[in-house]
Amino acid sequence: MVRSHHIEGYDNFVNFMKKFKAQGTVVCIYFGGAVEEATGESWCDDCVRAWPVISKVLETLDDSVDFIHVEVGDRPTWKDPNCSFRKDPTTKLLVLPTLVKWKTPKRLEGPQCEKEFLVKMLLCDDDDED
């Protein structure tokens, strides 16, 4: 089973990643809009459509994957041009949702995260050492 981690906000993300040790696993990070308590869903419509697809693929993976779900904040936080996630050179976020294979150039953005075959390719591909 995938090792899952859930983080809310930029500062928590930075602190988590400083301490995080992958121990030879594939590390994938999903950046999405914060989940609203009233609805139980993200304010981001694209994230709402992408999450079930990503979740389905995650259920098929083993413990060789660390999956980190990061909520970037509410809509005003994300839409601010000075949002820390947008400015950080390690995240390079332009679109929500974004799914990245950490420390590689591999990423899916926006509607790409809704395509099961693309999510599988990103999460299941282990040829990064070639």
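Source: prediction; values computed, not measured. (Residues numbered from 1 in each chain as written. Predicted model: local features only at pLDDT ≥ 70, side-chain atom pairs only at ≥ 80, totals over all residues. Heavy atoms only, no water.)

Draft legend 1. Spotlight on the packing of helix α2 (residues 45-58) against helix α5 (residues 116-124). Remark: α2 packs on α5, axes separated minimally by 9 Å, with the N-to-C direction vectors making an angle of 45 degrees. When the interaxial angle is binned, α2 and α5 end up oblique. The two elements α2 and α5 meet at a crossing, and its hand is right-handed. Contacts from Val 53, Ile 54, Lys 56, Val 57 and Leu 58 of α2 reach α5 at Glu 116, Val 119, Lys 120 and Leu 123. Grouping the amino acids of the contact of α2 with α5 by side-chain chemistry returns 6 nonpolar, no polar and 3 charged. (Axes fitted to C-alpha atoms, helices over the stretch in contact; angles between N-to-C directions. Helix = DSSP H or I, 4+ residues; strand = E, 2+ residues; numbered from the N terminus. Parallel < 35°, antiparallel > 145°, perpendicular 65-115°, else oblique. Left-handed = near helix turned anticlockwise from the far one by under 90°. Contact = heavy atoms within 4.5 Å. Nonpolar A, V, L, I, M, F, W, Y, C, P; charged D, E, K, R; others polar.)

Draft legend 2. Local environment of α2. In this model, α2 (14 residues) spans 20 Å end to end at C-alpha, consistent with the 20 Å of a helix rising 1.5 Å per residue. The sharpest bend along α2 reaches about 30 degrees and sits at Trp 51, with the proline Pro 52 one to four residues further on. All of the buried residues in α2 are Cys 47, Ala 50, Val 53, Ile 54, Ser 55, Val 57 and Leu 58. Where the residues of α2 are buried, they touch β2 (26-32), β3 (65-71), β4 (98-101) and α5. (Expected span 1.5 Å × (residues − 1). Bend = angle between axes of the 7 residues up to and from the residue. Buried < 20%, exposed > 50% of the residue type's maximum accessible area, 1.4 Å probe, protein only.)

Draft legend 3. Quick look at the nonpolar core. Counting 39 residues, the largest nonpolar core has Phe 13, Ile 29, Phe 31, Ile 54, Phe 85 and Leu 99 as its most contacted members. At the level of elements, α1 (10-19), β2, α2, β3, β4 and α5 are the ones that each hand at least two residues to this core. Looking at which element gives the most residues to this core, the answer is α2, with 6 residues. Other than its neighbours up to four places away in sequence, Leu 99 contacts Ile 29, Tyr 30, Ile 54, Phe 67, Lys 106, Arg 107, Leu 108, Cys 113, Val 119, Leu 122 and Leu 123. (Core = buried A, V, L, I, M, F, W, Y, C linked by side-chain atoms within 4.5 Å.)

Draft legend 4. A look at the pattern of salt bridges. For the coordinates displayed, the defined rule picks out 6 salt bridges. With a shortest N-O distance of 2.1 Å, Asp 46 and Arg 49 are connected by a salt bridge. A residue pair is termed a helical-turn pair when its members lie 3 or 4 positions apart in one helix, as Asp 46 and Arg 49 do in helix α2 at 3 residues. Its relative accessible area of 24% is what places Asp 46 among the partly exposed residues. A relative accessible area of 42% places Arg 49 in the partly exposed class. Taken together, the shared-partner salt bridges in this structure form one network comprising Asp 46, Arg 49 and Glu 114. (Salt bridge = Lys/Arg side-chain N within 4 Å of Asp/Glu carboxyl O.)

Draft legend 5. View of the side chain of Glu 71. With respect to the helices, strands and loops of the structure, Glu 71 is situated in strand β3. Filtering out sequence-adjacent residues up to four positions away, Glu 71 remains in contact with His 6, Ile 7, Glu 8, Gly 9, Gly 32, Gly 33, Ala 34, Val 35 and Phe 85.

Draft legend 6. Representation of the sheet that holds strand β1 (residues 3-8). The sheet built from 5 strands is open, its strands ordered β1-β3-β2-β4-β5 with mixed pairing. Each of the sheet's edge strands pairs with one partner strand only, and the pair in question is β1 and β5 (107-109). Pairs of neighbouring strands in the sheet enclose a mean axial angle of 15 degrees, with direction left out of account. With 4 bridges joining them, β2 and β4 adopt antiparallel strand pairing. Within β4, the position partnered with Ile 29 by the bridge is Val 100. Seen against the sheet, α1 touches β1, β2 and β3 and runs at an angle of roughly 140 degrees to β1. (Pairing = 2+ DSSP bridges.)

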